[in-house]
Amino acid sequence: MNSIFKPKKILGGRARLASLAIFSAILYLPQAYALEKGSAAPAFDLNGIDGQVKLAKYQGKLIYLDFWASWCGPCRQSFPWMNELQNKYGAQGLQVIGVNLDARNEDARTFLAGTPAHFVIAFDPAGATPRNYGVRGMPSSLLIGPDGKVLFEHSGFKDADKVELEEKIKASLGVKN
């Protein structure tokens, strides 16, 4: 497994937190992706909180696919926003899917106990799905059209990103302001 998705526990306490903060800051820089706009989104079939999560099941919907981990600070910030998106645009065809990359599902479940998700959650402790999507940092998200093709990709998450991302989602759904 690629070590980018599995921070090492070399340091303890505050030193470990500081190192994770630095590691995270580096990861959130915009990256080049393996998938290009218009390419087919790779299929996946993962275990989820409510059973199997298969990308094919959501064909015909606009999918906001988010890769996250329990140790990722910006991931924690993005969850309330993704809940809001699912609530606001779900009836118009949006499906948010969060793919957790923690090596232990228990870490993800602890995260979700404090930061609930009102959207589909899948687990990929082996990291195969993010490799197939060319993910290089946490969080990373893709918008996948109803035809299964990638519309755009985004790395990182901060409050300033919300407006642009939501505008792309609304435009893809055909939602008028």
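Everything here concerns the structure above.
First, a word on scope: everything that follows refers to the structure included in this document. (Residues numbered from 1 in each chain as written. Predicted model: local features only at pLDDT ≥ 70, side-chain atom pairs only at ≥ 80, totals over all residues. Heavy atoms only, no water.)

1. Some thoughts on the overall build of the protein
A count of helices and strands for the protein gives five helices and seven strands. For the protein, the sequential pattern of α-helices and β-strands runs α-β-β-β-α-β-α-β-α-β-β-α. Out of the 177 residues belonging to the protein, those deemed buried represent 48%. For the protein, restricting intrachain contacts to residue pairs at least 6 apart in sequence, the fraction spanning at least 24 positions comes to 73%. When the accessible area of the protein is evaluated, it comes to approximately 9,000 Å², of which 53% is carbon and sulfur surface. (Helix = DSSP H or I, 4+ residues; strand = E, 2+ residues; numbered from the N terminus. Buried < 20%, exposed > 50% of the residue type's maximum accessible area, 1.4 Å probe, protein only. Contact = heavy atoms within 4.5 Å. Areas by Shrake-Rupley, 256 points an atom, 1.4 Å probe, with all protein chains shown as cover.)

2. Some details on the sheet that holds strand β7 (residues 150-155)
By way of backbone hydrogen bonds, the strands of a sheet pair with one another, either parallel or antiparallel. On the basis of which strands lie adjacent, the open sheet formed by seven strands has the order β2-β1-β5-β4-β3-β6-β7 and mixed pairing. On the outer flanks of this sheet lie β2 (51-54) and β7, each paired with one strand and no other. Neighbour to neighbour, the strand axes of the sheet diverge by 30° on average, direction disregarded. The pairing of strand β3 (residues 62-68) with strand β6 (residues 140-144) spans five bridges and is antiparallel. Residue pairing in the sheet places I63 in a bridge with I144 of β6. Packed onto the sheet, helix α2 (residues 73-89) meets β3, β4 (94-100) and β5 (120-123) and runs at close to 155° relative to β4. Helix α3 (residues 105-114) rests against β3, β4 and β5 of the sheet, and its axis sits at about 155° to β5. (Pairing = 2+ DSSP bridges. Axes fitted to C-alpha atoms, helices over the stretch in contact; angles between N-to-C directions.)

3. Some words on the pattern of salt bridges
The final tally for this structure, using the stated rule, is eight salt bridges. Where R104 meets E106, a salt bridge forms, and the shortest distance between an N and an O atom there is 3.4 Å. The exposed category is assigned to E106, whose relative accessible area is 51%. Ionic pairing is found between K168 and E164, a salt bridge with its closest N-O pair at 4.0 Å. (Salt bridge = Lys/Arg side-chain N within 4 Å of Asp/Glu carboxyl O.)

4. Structural notes on the side chain of N100
Residue placement: N100 occurs in strand β4. Leave out the neighbours within four places in its chain, and N100 touches W68, A69, S70, A108, A122, F123, D124 and P125.

5. A few points about the state of the cysteines
Tallying each qualifying case throughout the model produces one disulfide. Each sulfur of the disulfide joining C72 and C75 lies 2.3 Å from the other. On the sign convention where negative is left-handed, the bridge of C72 and C75, at about 85° about the S-S bond, is right-handed. C75 matches C72 in its accessibility class, with the two residues each being buried. (Disulfide = S-S within 2.5 Å.)

6. Here's the deal with the pairing of β7
Of the strand pairs in this sheet, β6 and β7 are connected by five bridges, and their pairing is antiparallel. In the strand pairing of β7, L142 is matched with E153. With antiparallel pairing between neighbouring strands as the criterion, β6 and β7 make up a hairpin whose turn holds five residues, including G148 at a positive phi of roughly 85°.

7. Some thoughts on the environment of G114
One can find G114 in helix α3. Placed 38 residues apart in sequence, G114 and R76 show a C-alpha to C-alpha distance of 9.3 Å.

8. Things to note about helix α5 (residues 161-173)
The terminal C-alpha atoms of α5, which comprises 13 residues, lie 18 Å apart, in line with the 18 Å expected from a rise of 1.5 Å per residue. Residues of α5 that are buried include every one of D161, L165, E166, I169, K170 and L173, and no others. One face of α5 carries all of its buried residues, which in axial projection span an arc of 150°. Seen from the open side of α5, the exposed residues pointing more than 90 degrees away from its buried face are V163 and A171. Those residues of α5 that are buried are in contact with β3, α2, β4, β6 and β7. (Expected span 1.5 Å × (residues − 1). Arc of directions from axis to C-beta.)

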